[in-house]
Amino acid sequence: MTRPYVLLSVAVSVDGYIDDASPDRLLLSNDADFDRVDQVRADSDAILIGAGTISADNPRLIVKSERRQAERVASGRPAHPLKVTVTASGALDPTAKFWHHGTEDHRPVVYTTDTGAATATARLGELADVVPLGAEVDFAALLDDLGDRGVKRLMVEGGSRIHTEFLSAGLADELQLAIGPTLVGQPAAPRFLNEADFPGGPTRRMRLVDVSQIGDVALLRYHPQERPQ
């Protein structure tokens, strides 16, 4: 069994926030970077977001470019990657766009707890494949299951809790950090990461593999840890 390559993708303000405290989504990136992210999606076998992101942003989570969709189909893949979410409670809204766009070729997968599975199944019915992972969501077991499903490359788009779980468990292979030229400065706004015990502590340095400029956005690519050969 081979776990997927896990790529974390996030846009942050200069002071480390992923949104502000208003009810409207703060666009931290720019059109060119959004297009880059769409290419990363097109290159992935599956995309994962947390249930909180579904509730807050109501995303379709699809490949937006019709050309990229066509290229995926021509290569023998579905037009859109498999969609994946994580919830402890199973309290998911069946009317969210997540379940009704880009799902013609495969149902989204919901990873949840043993107790949350009954709630998720009752709410979603045939809209999703619900997978219980124990008393708590085991992210290593999640990756094992995705590997069994043939997922070789997993893109993780947040939110804060999800990114924190992957990094604190040492399960991220790559971090793509887009820094927008914005200062948020609002204590109630969500930050990129929550408090956690990260492998090696604050003195352990990730490996910087690339820095690039996309208009007024800086893109940093890190390898949090070297993957075993």
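Procedures and definitions
- Residues numbered from 1 in each chain as written.
- Predicted model: local features only at pLDDT ≥ 70, side-chain atom pairs only at ≥ 80, totals over all residues.
- Heavy atoms only, no water.
- Salt bridge = Lys/Arg side-chain N within 4 Å of Asp/Glu carboxyl O.
- Helix = DSSP H or I, 4+ residues; strand = E, 2+ residues; numbered from the N terminus.
- Buried < 20%, exposed > 50% of the residue type's maximum accessible area, 1.4 Å probe, protein only.
- Core = buried A, V, L, I, M, F, W, Y, C linked by side-chain atoms within 4.5 Å.
- Contact = heavy atoms within 4.5 Å.

1. Section: the pattern of salt bridges
All chains considered together, the criterion is met by eleven salt bridges. Residue Glu126 pairs with Arg107 through a salt bridge whose shortest N-O separation is 3.1 Å. Remark: Arg107 occurs in the loop between strand E3 (82–86) and strand E4 (109–112) and Glu126 occurs in the loop between helix H4 (114–124) and strand E5 (129–132); sequence separation between them is 19 residues. In this structure, Glu165 engages Arg161 in a salt bridge whose closest nitrogen and oxygen atoms are separated by 3.8 Å. With Glu165 and Arg161 both in helix H6 (residues 160–168), this residue pair falls four residues apart, about one helical turn. Taking relative accessible area as the criterion, Glu165 reaches 27% and is therefore assigned partly exposed. Through salt bridges that share partners, Asp35, Asp38 and Arg68 make up one connected network.

2. Quick look at the environment of Val151
With respect to the helices and strands, the residue Val151 is situated in the loop between helix H5 (139–148) and strand E6 (153–156). As for Val151 and Arg3, which are separated by 148 residues in sequence, their C-alpha atoms are 7.9 Å apart.

3. Here's the deal with the nonpolar core
In this structure, Leu48, Leu142, Leu154 and Phe166 are the most contacted members of the largest nonpolar core, which totals 31 residues. Aside from chain neighbours lying at most four places away, what touches Leu154 is Pro4, Tyr5, Val6, Leu7, Ala46, Ile47, Leu48, Leu143, Leu146 and Phe166. Of all hydrophobic cores here, the second largest spans 19 residues; its members include Val37, Val40, Ala120 and Met155.

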